[in-house]
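Residues per chain, in single letters:
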Amino acid sequence: MALYLPPTEDLGKSEIHNSNWTRLLSKYKGVDHDPKWVYMYVNDFDGHPLATVIYDRFPKAMVHLLVIPVNIDVSRPDQFRRRHLPLLKQVHTIAKQIARTISIKLDIPMPIMGYHAIPSMADIHLHIISTDFDSPFLKRAEHYKSFTDPDYFLSPEKIESNLINYDFVHIISSDALKRQLKYDPLMCLNCGEEFTSLKDLKMHLGMHN
Ligand code: AMP
Ligand code: ZN
């Protein structure tokens with residue numbers, strides 16, 4: 001499996017923006033993209049392209065990858081249906097293998113995985129992110145909570161069990177989610193201690209990693 005080597009010189013730099021910036025992940029479903037952003041191309045059991053795993057351009061932690069399934073026309077988790085399960089199971093299995101490998105190779109706690117309930121980018125993608133949240137791009141408390149609130153950061157297990165049981169993913173209202181990200185306490189995901197500032201939380205997280 002690939003080494004974790006993001007192209008540091010261009011991290012955080014926006015691409016030339018057109019009005020369609022929400023579709024900037026689409027190119028990783030095809031061949032017309034800069035391979036330096038690609039961590040890994042993944043094929044399915046039959047050797048067909050399954051997913052492209054890329055380095056997040058604005059990483060919110062030391063390790064931050066996006067797993068982009070290529071053969072799916074879904075932009076938000078509420079559009080997943082039971083028919084997507086076989087593909088999603090393969091994607092989740094490979095994502096877990098990637099997280100485990102990175103954890104061992106970099107000697108860090110197991111990175112966490114999830115889909116944002118209300119994504120900003122229009123091609124569905126699974127985040128793989130380490131739990132240090134040690135990044136200058138993690139600027140706001142809401143950023144942190146978007147990876148630690150289980151209603152907002154939907155785990156692969158939750159997606160799969162919801163699809164098996166209900167044929168859709170149960171997501172609470174966007175108003176309630178926005179309220180939670182704004183007003184819920186900033187809590188360490190390791191020990192539950194609460195913090196009033198992101199700076200203090202980040203310092204505390206350093207002790208767990
Ligand atoms: P979300 O849609 O909220 O699940 O997250 C979108 C993710 O894509 C964020 O973590 C961004 O930092 C990241 N991102 C935004 N633009 C790009 C880009 N052009 N290439 C790679 N990652 C990006
Ligand atoms: Zn803690």
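The sections below set out a description of the structure shown in this document.

Thresholds, definitions, all that
Residues numbered from 1 in each chain as written. Chains lettered and ligands numbered in written order. Predicted model: local features only at pLDDT ≥ 70, side-chain atom pairs only at ≥ 80, totals over all residues. Heavy atoms only, no water. Helix = DSSP H or I, 4+ residues; strand = E, 2+ residues; numbered from the N terminus. Buried < 20%, exposed > 50% of the residue type's maximum accessible area, 1.4 Å probe, protein only. Contact = heavy atoms within 4.5 Å. Donors = N, O, S within 2.8 Å, 3.2 Å for Na, K, Ca; no water. Tetrahedral: all angles 85-135°; square planar, octahedral: opposite > 155°, others 65-115°. Polar contact = N/O pair within 3.5 Å; in protein donor to acceptor, adjacent residues only side chain to side chain.

Inspection of the secondary structure assignment puts Cys-191 in the loop between strand E7 (186–187) and strand E8 (194–195). Looking at Cys-191, the relative accessible area reads 45%, which means it is partly exposed. Distance from Cys-191 to Ile-94, taken between C-alpha atoms, is 28 Å for residues 97 residues apart in sequence. The residues contacting Cys-191, other than those within four sequence positions of it, are His-204 and His-208.

Within the protein, the zinc ion (ligand 2) binds to Cys-188 (SG), Cys-191 (SG), His-204 (NE2) and His-208 (NE2); these donor distances fall in the range 2.0 to 2.3 Å. For the zinc ion (ligand 2), the four donor atoms in the first shell make angles of 102 to 121 degrees at the metal, a pattern classed as tetrahedral. On the primary sequence, the residues serving as donors to the zinc ion (ligand 2) are separated as C-x2-C-x12-H-x3-H.

With respect to the secondary-structure elements, His-204 resides in helix H5 (residues 198–208). For His-204, the side chain forms a polar contact with the side chain of His-208, separated by 3.1 Å. Each residue touching His-204, except ones within four places of it in the same chain, is listed here: Cys-188, Cys-191, Glu-193 and Phe-195.

Spatial relationships are all this shows, so hold off on functional conclusions.
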